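Take a look at the letters that make up each chain.
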Amino acid sequence: MKLYLKTKDYSVSGESFELWQDDVLDMLATRPQPEDSSPYYESEEYISHTDAKESFTDKLYQAVKRKNLSNKIQLIESQLDSSESLLDIGAGTGDFLLSARKVGFYVVGVEPNAKARELAAGKGVELKAELQDIINQKFQVITLWHVLEHLPNLEEQINRIVSLLKDDGTLIVAVPNFKSYDAKHYGSHWAGYDVPRHLWHFSRTAIAKLFDKHKMEVVSIRPMWFDAFYVSMLSEKYKGNKLYLITAFFVGLWSNLKGIFTKEYSSLIYVLKRRK
């Protein structure tokens, strides 16, 4: 392991952290990792747990979220012959599960944040607090939308997740990509690092190697086009740029254009299946 970058928590605590690189897996690890990460999520700034719609940033996030929900369902349906069972890990306030239920899935969700679970319950979606609460069930589809980077004890968690997947099931993992243009452009200000909530920072190589150990292979990789713009907007705000919207638009656009050739988009969706 070697020091890759020093950064800080720009959205909640202001504390400093380091990113250390694992050359074998081609991934980064946040150091130090908090023993109790819950205080770092207890903020109105952490929008995926609040459904906030107050600021312009909130409204933009919610608009993009609605479009992404449609895209996610289309992606899943393209991988399956029929809608059966779906487990969403890190379900937030339950909107994705609502969308999946509408197209015929039996849905189960896990969300450790009590406030987010309460908001989901108000929408008719009952979420479990921990993955360990799921017993004697296996799923046709398991999704982690920007969640894998949050999980402590990574190897143990991946093993548990794979054990919940049916033999012919599909695992979908979306994570930020520290090899993207916008990550390199913003350096320590890149919002995709989001320390210490993000404990791990993945590359395409890292995802392939981590899941290969569990006899899973990547069968498809898709870009998350909107992430380059949203992450660039937050990064510009962290830098104190009052013209953050204009600058972020052009950085996000250039990142996506570069990604067409390099395949290194701001965030990537990995579709995985058991190796035959």
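Above this text is the structure in question.
Note on numbering: residues in each chain are counted from 1, in written sequence order. In keeping with the predicted nature of the model, local features appear solely for residues at pLDDT of at least 70, side-chain atom pairs appear and are counted solely at 80 or more, and the whole-chain, interface and lining totals rest on all residues. Remark: hydrogens and water are excluded; side-chain values derive from all non-hydrogen atoms of the structure.

K.L.:
Summarise the nonpolar core; cite the residues concerned and give the values.
P.N.:
Across soluble globular proteins, you tend to see nonpolar side chains buried next to one another. Nonpolar cores were defined as sets of buried Ala, Val, Leu, Ile, Met, Phe, Trp, Tyr and Cys residues, with membership established by side-chain atoms within 4.5 Å. Think of it in three bands: with a 1.4 Å probe and only protein chains considered, a residue is buried below 20% of the maximum accessible area for its type, exposed above 50%, and partly exposed in between. Leu87, Ile142, Leu144, Leu148, Leu171, Phe202 and Phe211 are the most contacted members of the largest nonpolar core, which has 36 residues in total. Apart from residues no more than four positions distant in its own chain, Leu171 is found in contact with Ile142, Leu144, Ile161, Leu165, Phe211, Met216, Tyr270, Val271 and Leu272. Listed in part, the 22 residues of the second largest apolar core include Leu69, Ile73, Val107 and Val141. Contact criterion: two residues are considered in contact whenever any of their non-hydrogen atoms come within 4.5 Å of each other.

K.L.:
Any chance you could break down the pattern of salt bridges for me, citing the residues and the numbers?
P.N.:
A side-chain nitrogen of Lys or Arg and a carboxyl oxygen of Asp or Glu constitute a salt bridge if their distance falls within 4 Å. Applying the stated criterion across every chain yields a total of nine salt bridges. Between Arg197 and Asp9 there is a salt bridge, and its shortest N-O distance comes to 2.7 Å. Of this pair, Arg197 sits in the loop between α5 (181-186) and β8 (200-201) while Asp9 is found in the loop between β1 (2-8) and β2 (16-22), placing the two residues 188 residues apart along the sequence. Look at Arg197 and you get buried, because its relative accessible area is 1%. Given the relative accessible area of 0%, Asp9 is considered buried. With its nearest N and O atoms 3.4 Å apart, the salt bridge here joins Lys166 to Glu84. Of the two residues, Lys166 sits in strand β7 (residues 165-176) while Glu84 sits in the loop between α1 (56-79) and β4 (85-89), which places them 82 residues apart along the sequence. Within the structure, one salt-bridge network assembled from shared partners comprises Asp9, Asp194 and Arg197. Put simply, DSSP marks the helices as runs of H or I at least four residues long and the strands as runs of E at least two long, and each gets a number from the N terminus on.

K.L.:
Give me the pairing of strand β5 (residues 106-110): which residues, what numbers.
P.N.:
Side chains on a regular strand alternate between the two faces of the sheet. Among the five residues in β5, four count as buried, and that is most of the element. By the bridge criterion, five bridges tie β4 to β5 in an arrangement that is parallel. The residue bridging Ile89 from the neighbouring strand is Val110, located in β5. A crossover gets the label right-handed when its path from the first strand over the helix to the second runs clockwise, viewed with the strands pointing away from the viewer. With helix α2 (residues 95-102) bridging β4 and its parallel neighbour β5, the resulting β-α-β unit is right-handed. A pair of strands is labelled paired if DSSP reports no fewer than 2 bridges between them.

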